[in-house]
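Topology and contacts: notes
The lines below spell out each chain.
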Amino acid sequence: MEIIILPDAAAASKAAAQILLDLVTHKPDAVLGLATGGTPLALYSELIAAHKDHAFDFSRVTTFNLDEYIGLPEEHPQSYHAFMHENLFRHINIQPARIHIPDGNAADIKAHCIAYEQAIRDAGGVDLQLLGIGSDGHIGFNEPTSSFGSRTRTKTLTRQTIKDNARFFEDDPALVPKHCITMGIATILEARCALLLAFGKGKADAIAATVEGPLSAMIPASALQLHPNAKIIIDQDAAAKLTFADYYQWAYANKPE
Ligand code: GLP
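This report concerns the structure included in the present document.

Bringing the packing of helix H1 (residues 9–26) against helix H2 (residues 41–54) into the picture now. Look at H1 against H2: their axes get within 8 Å of each other, and the N-to-C directions meet at 50°. With respect to their mutual orientation, H1 and H2 come out oblique. In this structure, H1 meets H2 at a crossing whose hand is right-handed. Contact residues: Ser13, Lys14, Ala16, Ala17, Leu20 and Leu21 in H1; Ala42, Leu43, Glu46, Leu47 and Ala50 in H2. Across the contact of H1 with H2, the residue classes tally to eight nonpolar, one polar and two charged.

Structure, rendered in structure tokens:
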């Protein structure tokens, strides 16, 4: 794991956006795994700015989103379809046919999950998977006790996640769907690079457990310790509980060319 601690969320989002833009510059047909939530918003703004200000080309990029709620109409403002369209896709020149988001309204969800895994394989696998983290250590919607061998499937959200996400649903937990489709942890681990972002004090415990705690299904993000190319880009607040923070900063400052 490479732990990159930057002064604030803006600097961290810029650094993460640069990694993604460098990848697409070198591999214009890159396959990107994308995430939702508040965390990647500033990164998406950087991508939009790259497209608007420097005509950065996303026309050959393919995307796979991590997850989607079950039963929310796609046009619901809090569906992840709507989120991605509103916060990224409609502002860049990505081809609609290259966008993949799990369909939470599929008639046969089990078959859809199997097809989603196959579509990732058919695209050649994910080059870079962007991740946020839940306050309980979840990635995608892989809640605590998710198997490290899990694949795209349905999950039931924890009450904590429902509470955390209620802010997007008029602050009413009763409006948050209880079920979702999410890429599994094994699916995520297959990405050639995993890039996890976390900002703010509310993520400090989850980050400490992910980076320095034992591998545990109770902290799904700790599975990233098994990933040969995982980068954790965080702000000072999210880094607050890391015992080895000094070392990570020293290592980053002295990174070989
Ligand atoms: C949701 C998403 C995750 C995201 C997490 C954190 O549950 N399914 O992919 O990482 O929330 O969200 P936020 O970035 O808003 O803190």
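We are not done yet, so read on.
Formed by 43 residues in total, the largest nonpolar core has its most connected members in Leu43, Tyr44, Leu47 and Leu88. If one sorts the elements of this core by residue count, H1 sits on top with six residues. Setting aside anything within four residues of it in sequence, one finds Leu43 in contact with Ser13, Ala16, Ala17, Leu20, Leu130 and Leu197. If you look at the next biggest cluster of nonpolar residues, it comprises 32 residues, including Phe64, Leu66, Ala221 and Ala238.

The subject of this paragraph is the sheet that holds strand S3 (residues 62–65). Backbone hydrogen bonds hold the strands of a sheet together, and the pairing may be parallel or antiparallel. As summarised here, the arrangement of the seven strands in space is S1-S10-S9-S6-S2-S3-S5, forming an open sheet in which the pairing is parallel. The sheet is open, and its two borders are formed by strand S1 (2–6) and strand S5 (99–100), each paired with just one other strand. Alignment of strand S2 (residues 31–34) against S3, held across four bridges, turns out to be parallel. Counted as the bridge partner of Leu32 is Thr63 from S3.

Once that is clear, we can look at helix H4 (residues 109–122). With 14 residues, H4 extends 19 Å from end C-alpha to end C-alpha; this agrees with the ideal 20 Å at 1.5 Å per step. Listing the buried residues of H4 in full gives Ile109, His112, Cys113, Tyr116, Glu117 and Ile120. The arc enclosing the buried residues of H4, seen along the axis, measures out at 140°, which places them on a common side. In H4, the exposed positions angled more than 90 degrees off the buried face are occupied by Lys110, Ile114 and Asp122. Residues of H4 that are buried sit in contact with S3, S5, strand S7 (153–156), strand S8 (179–182) and helix H6 (185–189). For H4, the N-terminal capping position is held by Asp108, with its side-chain oxygen 3.3 Å away from the main-chain nitrogen of Lys110. Gly124, located one to two residues past H4, shows a positive phi value of around 95°.

Overall, antiparallel pairing links the three strands, which are arranged S4-S8-S7 in an open sheet. With partners counted over all chains shown, the strands left at the sheet margins are strand S4 (67–69) and S7, one partner each. The mean angle between the axes of side-by-side strands here comes to 30°, regardless of whether they run parallel or antiparallel. In the sheet, S7 pairs with S8 via four bridges, with the strands oriented antiparallel. When the bridges of S8 are listed, Thr156 appears paired with His179.

Attention shifts here to the site of the ligand. Around the ligand sit 14 residues, and of these Gly38, Thr39, Asp67, Arg167 and Lys203 come closest. In this structure, Arg167 approaches the ligand through a side-chain N or O atom, which is 2.8 Å from an oxygen atom. When the ligand sits alone it has 390 Å² of accessible area, and the protein chains cover 94% of it. More than half of the atoms of the ligand fall within 2 Å of the grid points belonging to the largest pocket.

Moving on to helix H7 (residues 204–212). Among the residues of H7, those classed as buried are Ala204, Ala206, Ile207, Ala208, Thr210 and Val211. Where H7 is buried, its residues contact S1, strand S9 (193–198), strand S10 (230–235) and helix H8 (245–253).

As a further point, take the layout of surface pockets. Here the largest pocket is characterised by a volume of approximately 490 Å³. Here the lining of the largest pocket takes three residues from helix H5 (residues 159–165), the largest share from any one element. Of the residues that constitute the lining of the largest pocket, the class distribution is 10 nonpolar, 12 polar and four charged. Considered as a void within the structure, the second largest pocket measures approximately 200 Å³ in volume. Contributing to the lining of the second largest pocket are Glu74, His81, Ala82, His85, Phe89, Ile94, Pro96, Ile99, His100 and Ile101. Among the secondary structure elements, those contributing two or more residues to the lining of the second largest pocket are helix H3 (80–87) and S5. At three residues, H3 tops the list of elements feeding residues into the lining of the second largest pocket.

What counts, and where the lines are drawn
Residues numbered from 1 in each chain as written. Predicted model: local features only at pLDDT ≥ 70, side-chain atom pairs only at ≥ 80, totals over all residues. Heavy atoms only, no water. Axes fitted to C-alpha atoms, helices over the stretch in contact; angles between N-to-C directions. Helix = DSSP H or I, 4+ residues; strand = E, 2+ residues; numbered from the N terminus. Parallel < 35°, antiparallel > 145°, perpendicular 65-115°, else oblique. Left-handed = near helix turned anticlockwise from the far one by under 90°. Contact = heavy atoms within 4.5 Å. Nonpolar A, V, L, I, M, F, W, Y, C, P; charged D, E, K, R; others polar. Core = buried A, V, L, I, M, F, W, Y, C linked by side-chain atoms within 4.5 Å. Buried < 20%, exposed > 50% of the residue type's maximum accessible area, 1.4 Å probe, protein only. Pairing = 2+ DSSP bridges. Expected span 1.5 Å × (residues − 1). Arc of directions from axis to C-beta. Polar contact = N/O pair within 3.5 Å; in protein donor to acceptor, adjacent residues only side chain to side chain. Near = heavy atom within 4 Å. Areas by Shrake-Rupley, 256 points an atom, 1.4 Å probe, with all protein chains shown as cover. 1 Å grid on protein atoms, 1.4 Å probe; cavity = no way out; pocket = protein on both sides within 12 Å on 5 of 7 lines; lining within 4 Å. Sits in = over half its atoms within 2 Å of the grid points. Points joined across faces, edges and corners; volume = space filled by probe spheres on them.

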